[in-house]
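Remarks on the overall topology
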Number of protein chains: 4
Amino acid sequence: MRFFSDNAAAVHPAVLEALAAANRVDTAYDGDALSKSLDGAFSDLFGTDCAALWVSTGTAANCLALAAMVPPHGGVLCHREAHINTDEAGAPEFYTHGAKLMPLDGGGAKLVPETVRDARRAIRADVHQVQPHALSITNATEYGLVYRPDEVAALGEVAKELGLGFHMDGARFANAMATLGGHPGDGTWRAGVDALSFGFVKNGGLSAEMLIFFRREWAEVAKIRRKRAGHLNSKGRYQAAQVLALLEADRWLDNGRASNAGAAAIAEAAGARLVLPVEANEVFLRLTPDEAASLRAQGFDFYDWAEGEARLVTSWDQPRAEIEALAGAIRALGS
Amino acid sequence: MRFFSDNAAAVHPAVLEALAAANRVDTAYDGDALSKSLDGAFSDLFGTDCAALWVSTGTAANCLALAAMVPPHGGVLCHREAHINTDEAGAPEFYTHGAKLMPLDGGGAKLVPETVRDARRAIRADVHQVQPHALSITNATEYGLVYRPDEVAALGEVAKELGLGFHMDGARFANAMATLGGHPGDGTWRAGVDALSFGFVKNGGLSAEMLIFFRREWAEVAKIRRKRAGHLNSKGRYQAAQVLALLEADRWLDNGRASNAGAAAIAEAAGARLVLPVEANEVFLRLTPDEAASLRAQGFDFYDWAEGEARLVTSWDQPRAEIEALAGAIRALGS
Amino acid sequence: MRFFSDNAAAVHPAVLEALAAANRVDTAYDGDALSKSLDGAFSDLFGTDCAALWVSTGTAANCLALAAMVPPHGGVLCHREAHINTDEAGAPEFYTHGAKLMPLDGGGAKLVPETVRDARRAIRADVHQVQPHALSITNATEYGLVYRPDEVAALGEVAKELGLGFHMDGARFANAMATLGGHPGDGTWRAGVDALSFGFVKNGGLSAEMLIFFRREWAEVAKIRRKRAGHLNSKGRYQAAQVLALLEADRWLDNGRASNAGAAAIAEAAGARLVLPVEANEVFLRLTPDEAASLRAQGFDFYDWAEGEARLVTSWDQPRAEIEALAGAIRALGS
Amino acid sequence: MRFFSDNAAAVHPAVLEALAAANRVDTAYDGDALSKSLDGAFSDLFGTDCAALWVSTGTAANCLALAAMVPPHGGVLCHREAHINTDEAGAPEFYTHGAKLMPLDGGGAKLVPETVRDARRAIRADVHQVQPHALSITNATEYGLVYRPDEVAALGEVAKELGLGFHMDGARFANAMATLGGHPGDGTWRAGVDALSFGFVKNGGLSAEMLIFFRREWAEVAKIRRKRAGHLNSKGRYQAAQVLALLEADRWLDNGRASNAGAAAIAEAAGARLVLPVEANEVFLRLTPDEAASLRAQGFDFYDWAEGEARLVTSWDQPRAEIEALAGAIRALGS
């Protein structure tokens, strides 16, 4: 029973059906009707005019967004444990041609305005120090916390005040929205977000992530950079089809709810073992080595995190029985 | 009836079936069993130990190969009309961090050894001039010509003599092999090729191309660079599944034969109109503007090329009726 | 007697005196009074407001100019034999993060408007092909020809029409001006030039070249890039002092005249041997191997160029006796 | 009276004399006799075979060294307050094409082996996390502390153990050696240092810093990169002449001693106000805003550092009277 990562989950059946339905001769690259419909579909979803580009990984989405905001000599303010800083192999530096990630602290991988302001203040405005050009946050965070729209808006205000582009890594945006409810525009463009990496792969997709520019003028150069990075698939219609299938009937949101529900059930069982509140589909638990070994012996797979801590991630397609089994096993460890 | 590009073709049904068959929880990235089997599958196919990496585009495959061979301060000898030089938006320069493409001439986008030797000879071996570190050829070429194994071997010898890595862009490698027959090792590693971009997308695939390293030691850094370029799909098993489906029962070769057969039939109809011999699935024709307009009025879509010339590309799934209709229409133009 | 290159020449005594005169405690980097006076000094010289940055090499000046005009995914139209394309070790690609140099043809390394227009026309305006963002010319050219102000203006018009930044590599700008006479603004900003690399080192300087931005708004980022490239000398006053000494009393122009005069005298002796007209301080001659050997045996050093051709460069400080000796020796070869 | 930075100091008269003495026609770039003698001169000084390249700034020296050690996808372990991390405008990222600086903590900008080992241990050896390829330290540090040879050797051992290149930023190497005494090989190559940025500009030079490779094989590519970065001055003999003048009669060491002596005198006066021990030519003091204002009113210029702290830097040519005046003024503040 795999609680390693939502990357391990299967693809939603509707996605496979959509691929089959798209399986005919069509214009190459992003010239097909499905790809062309994405701007409209996401403009509808977010309630504002936006440009929507498919790419095949969240790393590509994040880095194309950052490269649109940050010159090679600029910097990106982000959390020290942001995925872009820790797990993307230096891709942001590659795409931006050497911009500097400027790691900030904050509990549960969340940032607050004062941290951002302090960081900016500590940098001299001269040619010797790298000047930040963007702020990037992750929602839900790498620790499964969720920024509320007003929290995002407070950061958006700082970004505006400091002349920073504002990027949101939404690899688990669906999980955040499932928790938040409300309108997807509220915690994004209405809160000052300029570009959103909107994750679909962890959430039922196969190979298509979306990069949403709320500042459309940035999309044109991003399209050139997408090609230059080898991310303009020649049969783009199969990328678009996946995403459209998940948008249809709010499947993306249902899937987010499903994985969150699994995590909530485990959290309830975990009680005082929780390192952090569970607001999305990740559970961070205190487990002794013996306890971890015991769970593994019962067939549960997961990552060790900090010492004496474990990370468990639930997926949109995780069988209820696995969740219950895990919850039971955790309860059985005692507290 | 589309003769624009084989990029427009549909996906082979076996590929869609393979995606469905792979649709279960599995290890993320390239840790799944299907991805892990690729080294073996391609080592079997080529008759030598090789490393096989999936990526989502031919551009990514080409550029990861070149970046393995060429330092930022080096150069790549290639044909002036090589796809890497004309149609990849500067991706080779991006991936190599600024290496210089050094364009060479040759009929039908083919290179011969003397051209390569002359180019090397014209460069002073000092710190002021960029030194070439790789030679890249395309097989089948951008003009639908095919290098024979002995032609590749002659270039491979030059590459070795001059200390150059040797890359083959095989976006249409299947078409070349369908024409050549024989063993795929003959015109590749046995002829000195170090890395091959092996195309599947134009040939029945959906989003998976392969990068084959015949010098395995280069693969480890290429895997890091793949991640750094955002090309390590998180659900890699669906990439591997596509390729394995096309390898099975030599579907890749059958598809190559099918598209070549279409081009051959058109070539026969075109007769003296041919600008170049047709050795793969591309036909370059002399057409007056009126003739081109007439064909288009009959429903045939294709690109104008040089003045008074057109390019028509056939696909693996092109209906026989379309081919016959086009052949008939060309014959009807007279000669 | 060295006719290899004007790089071999000595430093003008006034430059050494200026260094000694600057030898006191002062503000570091470019915060000293001498550095601060450069904008004014060059604005006066050119008759327009400009920003003037010292750097230590012509390569750095050229590349900072190009990086100000061209994004990483863009291209630079230039002559095939432009120094930036042939002798700067890929520095333009380094500074621009991989922009593509797009070599054009033209006699004597000179470009004409039609060549530039044709090159632009041959590039499709899509995301697959690199789009040019700048035009770069060299005055005097690598073959010692001089663009007249109206020739520059015609190119400047094309640049404007095509949306290209316009850069002039003036490593031998002094030699060009010595030939042209007139106002230095005429063949530069009045002719549409946006940035000029103004060479001083070949012309009596020690280690200071100037980068002049006629579009001041580009200078701010260029100053950041200069630091990022390690070209912000910590004791910048010694850079500024060199340049100011050469500006004083038009020494730069006198030096340009002196080296041109030497070349003119040799050209007169060479007569029908000249491969190209001599308009600055470079002489390209037809010489058989035996003739070349004979000159060398008499103590004259120079480079072989194309087969049967030699390049001789005169310097600002070349003794009259050396020039006369060479002229005599060439005459003695017969014609 | 300037205590801002040793960058503000004048040039040693012997350097100006050496420039004058070098003022004759000679081979361009680094082909002159003076430049060619540098390998020998530094091999003699360090007691081992080394390659010695001049460049015009410490930033260039540091970054060429790092680029020799670290691929674009690699990382550099260094102190959080290392000059390369805080004051070089992202130059290391530029020269390495996006390598990641990995900041570590330590008092007085000094690193200890355990910090380095811990940092390496915290990085997973997979393709998702950037792997460190080099360790860089500064001697004397940015806070004026000096690493003893055995401290360097302990770090050198860790570097070897972890497969890291080992770079020393010696912008103030002369100050460190003046404090340490002994042989310059002891705290460098004998302690495992692979490349040293040996500073001359702060110490009496004009525009020449040295990059010393104790692993000669790295120098060849570094020479290409030097040209590619625009740092191969065309009249290199004037760079070499400066350095040779400072090597002669151990002037570099005398100058280091002179500036250290000034700092020591101030430190003695400062007593309990010292934030850190004074081991080179930098003094960090506790000063209230009023005290700082009072010193400034008396004509002393210096930087504020952290809150309630000031940095004062002494130079090789600082008049004894200025030192005594400052010491007196500090004493007069009381303690």
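The preceding data block contains the structure.
Residues numbered from 1 in each chain as written. Chains lettered and ligands numbered in written order. Predicted model: local features only at pLDDT ≥ 70, side-chain atom pairs only at ≥ 80, totals over all residues. Heavy atoms only, no water.

A closer look at the relation of the copies chain C and chain B
If you rotate chain C by 180° and push it 0.0 Å along the axis, it lands on chain B with an RMSD of 0.0 Å. Taken together, the rotation and translation relating the two chain copies correspond to the operation of a two-fold axis. Residue C:Gly98, judged by its C-alpha, is the member of chain C lying nearest the rotation axis, at 2.1 Å. Comparing contact sets, 100% of the residues at the interface of chain C also lie at the interface in chain B, consistent with an isologous, same-surface contact. (Least-squares fit on C-alpha atoms with pLDDT ≥ 70 in both. Contact = heavy atoms within 4.5 Å.)

Quick notes on the packing of helix H9 (residues 173-180) of chain D against helix H12 (residues 251-270) of chain D
Residue and element names in this part refer to chain D. Their axes nearest at 8 Å, the elements H9 and H12 cross at an angle of 80°. The angle between H9 and H12 places the two elements in the roughly perpendicular class. Contact with H9, carried on its side by Phe 173, Ala 174, Asn 175, Met 177, Ala 178 and Thr 179, involves Trp 252, Leu 253, Gly 256, Arg 257, Ser 259 and Asn 260 of H12 and no other residues of that element. Partitioned by chemical class, the residues of the contact of H9 with H12 number six nonpolar, five polar and one charged. (Axes fitted to C-alpha atoms, helices over the stretch in contact; angles between N-to-C directions. Helix = DSSP H or I, 4+ residues; strand = E, 2+ residues; numbered from the N terminus. Parallel < 35°, antiparallel > 145°, perpendicular 65-115°, else oblique. Nonpolar A, V, L, I, M, F, W, Y, C, P; charged D, E, K, R; others polar.)

Some words on the side chain of D:Arg237
The topology assignment puts D:Arg237 in helix H11 (residues 237-247). For the buried residue D:Arg237, which engages in no salt bridge, the nearest side chain bearing the opposite charge is D:Asp26, 4.9 Å off. Within polar-contact distance, the side chain of D:Arg237 engages the backbone oxygen of C:Ala9 at 2.6 Å. (Buried < 20%, exposed > 50% of the residue type's maximum accessible area, 1.4 Å probe, protein only. Lys, Arg positive; Asp, Glu negative; His and termini not counted. Salt bridge = Lys/Arg side-chain N within 4 Å of Asp/Glu carboxyl O. Polar contact = N/O pair within 3.5 Å; in protein donor to acceptor, adjacent residues only side chain to side chain.)

Quick notes on the pairing of strand E1 (residues 51-55) of chain A
Residues and elements named next belong to chain A. Counting buried residues in E1 gives five out of five residues, a clear majority hidden from the surface. Of the two faces of E1, the one carrying Ala 51, Leu 53 and Val 55 and the one carrying Ala 52 and Trp 54 are both buried. With five bridges joining them, E1 and strand E7 (residues 209-213) adopt antiparallel strand pairing. Of the residues in E7, the one forming a bridge with Ala 52 is Ile 212. (Pairing = 2+ DSSP bridges.)

What to know about the interface of chain C and chain B
At the junction of the two partners, chain C supplies 15 residues and chain B supplies 15 residues. Of the roughly 1,300 Å² buried where chain C meets chain B, counting both sides, 37% is carbon and sulfur surface. Taking the shortest distance from any N to any O, the salt bridge between C:Arg124 and B:Asp87 comes out at 2.7 Å. The set of elements that each furnish at least two residues to the side of chain C that touches chain B consists of helix H5 (83-86) and strand E3 (100-104) of chain C. (Buried area = accessible area lost by both parts, 1.4 Å probe.)

A few points about the relation of the copies chain B and chain A
Take chain B, turn it by 180°, move it 0.0 Å along the axis, and it overlays chain A with an RMSD of 0.0 Å. Residue by residue, 100% of the interface of chain B is reproduced at the interface of chain A, so both copies engage with the same surface.

Concerning the packing of aromatic side chains
Inspection of every chain in the model, using the stated rule, returns 66 aromatic pairs over all chains. Note on A:Phe173 and A:Phe198: the rings are 5.0 Å apart at their centroids and 70° apart in plane angle, and the pair reads as edge-to-face. Taken together, the residues A:Phe173 in helix H9 (residues 173-180) and A:Phe198 in strand E6 (residues 195-198) connect sequence positions 25 residues apart. For A:Phe198, a relative accessible area of 0% translates into the label buried. Consider the rings of C:Phe198 and C:Phe200, whose centres lie 4.5 Å apart with planes at 15°: the pair is stacked. The exposure class of C:Phe200 is buried, given its relative accessible area of 1%. Of the aromatic side chains, those joined through ring pairs into one cluster are A:Phe42, A:Phe46, A:Phe173, A:Phe198, A:Phe200, A:Phe214 and A:Trp252. Over the ring of A:Phe302 we find A:Arg296; its NZ or CZ atom is 4.2 Å from the centre of that ring. Over the ring of D:Tyr147 we find D:Lys110; its NZ or CZ atom is 5.3 Å from the centre of that ring. (Phe/Tyr/Trp six-rings, centres within 6.5 Å; stacked < 30°, edge-to-face > 60°. Lys NZ or Arg CZ within 6 Å of the ring centre and 35° of its normal.)

Digging into the sheet that holds strand E9 (residues 303-304) of chain B
Residue and element names in this part refer to chain B. The antiparallel open sheet is built from three strands, whose spatial order is E8-E10-E9. The strands lining the two open edges of the sheet, one partner per strand, are strand E8 (282-286) and E9. The pairing of E8 with strand E10 (residues 309-313) spans five bridges and is antiparallel. Bridge assignment links Leu 285 to a residue of E10, and that residue is Ala 310.

Re empty space enclosed by the protein
Under the definition given, this model contains 14 cavities of 30 Å³ or more. When contributions to the lining of the largest cavity are tallied by element, the ones reaching two or more residues are helix H6 (91-96) of chain B, helix H6 (91-96) of chain C together with helix H6 (91-96) of chain D. (1 Å grid on protein atoms, 1.4 Å probe; cavity = no way out; pocket = protein on both sides within 12 Å on 5 of 7 lines; lining within 4 Å. Points joined across faces, edges and corners; volume = space filled by probe spheres on them.)

Observations regarding unusual backbone geometry
All names here are of chain A. In this chain, Asn 139 is followed by Ala 140 through a cis amide linkage whose omega measures -10°. Mapped onto the fold, Ala 140 is located in the loop between strand E4 (131-138) and helix H8 (149-162). Even without being glycine, Ala 109 reaches a positive phi, approximately 65°. The residue Ala 109 is located in the loop between strand E3 (100-104) and helix H7 (113-121) in this model.

Considering the sheet that holds strand E6 (residues 195-198) of chain B
Residue and element names in this part refer to chain B. Taken in spatial order, the seven strands of this open sheet run E1-E7-E6-E5-E4-E2-E3, and their pairing is mixed. Since the sheet does not close on itself, it has two edges, and those belong to strand E1 (51-55) and strand E3 (100-104), each with one partner. Each neighbouring strand pair of the sheet contributes to a mean axis angle of 20°, computed without reference to strand direction. When strand E5 (residues 165-170) meets E6, the two strands line up parallel, connected through four bridges. Across the sheet, residue His 167 finds its bridge partner in E6, namely Ala 195.

Things to note about helix H10 (residues 219-228) of chain B
Since there are 3.6 residues in each turn of an α-helix, residues three or four apart along the chain are aligned in direction. Listed in full, the buried residues belonging to H10(B) are B:Ala219, B:Ala222, B:Arg225, B:Arg226, B:Lys227 and B:Arg228. Packing partners of the buried residues in H10(B) comprise helix H4 (58-69) and helix H6 (91-96) of chain A together with E1, helix H4 (58-69), H6 and strand E7 (209-213) of chain B.

A short note on the interface of chain B and chain A
On the side of chain A, 47 residues touch chain B, which itself brings 47 residues to the contact. Of the roughly 3,800 Å² buried between chain B and chain A, counting both surfaces, carbon and sulfur atoms make up 56%. Of all residues in chain B, B:Phe94, B:Arg228 and B:Lys235 bury the most surface against chain A, accounting for 20% of the area lost on that side. At the junction of chain B with chain A, the criterion picks out zero salt bridges. Along the contact surface separating chain B from chain A lie 36 residue pairs in polar contact (both at pLDDT 80 or more). Looking at the side of chain B that touches chain A, the elements with two or more residues in it are helix H1 (13-21), H4, H6, H10 and helix H11 (237-247) of chain B.

Describing the environment of B:Ala154
The topology assignment puts B:Ala154 in helix H8 (residues 149-161). Residue class for B:Ala154 comes out partly exposed when judged on its relative accessible area of 30%.

A few points about the packing of helix H7 (residues 113-121) of chain D against helix H8 (residues 149-161) of chain D
Residue and element names in this part refer to chain D. Their axes nearest at 9 Å, the elements H7 and H8 cross at an angle of 20°. Viewed along their axes, H7 and H8 adopt a mutual orientation that is roughly parallel. In the packing of H7 onto H8, the handedness of the crossing is right-handed. The segment H7 lies against H8, with Pro 113, Val 116 and Arg 117 engaging Ala 154, Leu 155, Val 158 and Glu 161. (Left-handed = near helix turned anticlockwise from the far one by under 90°.)

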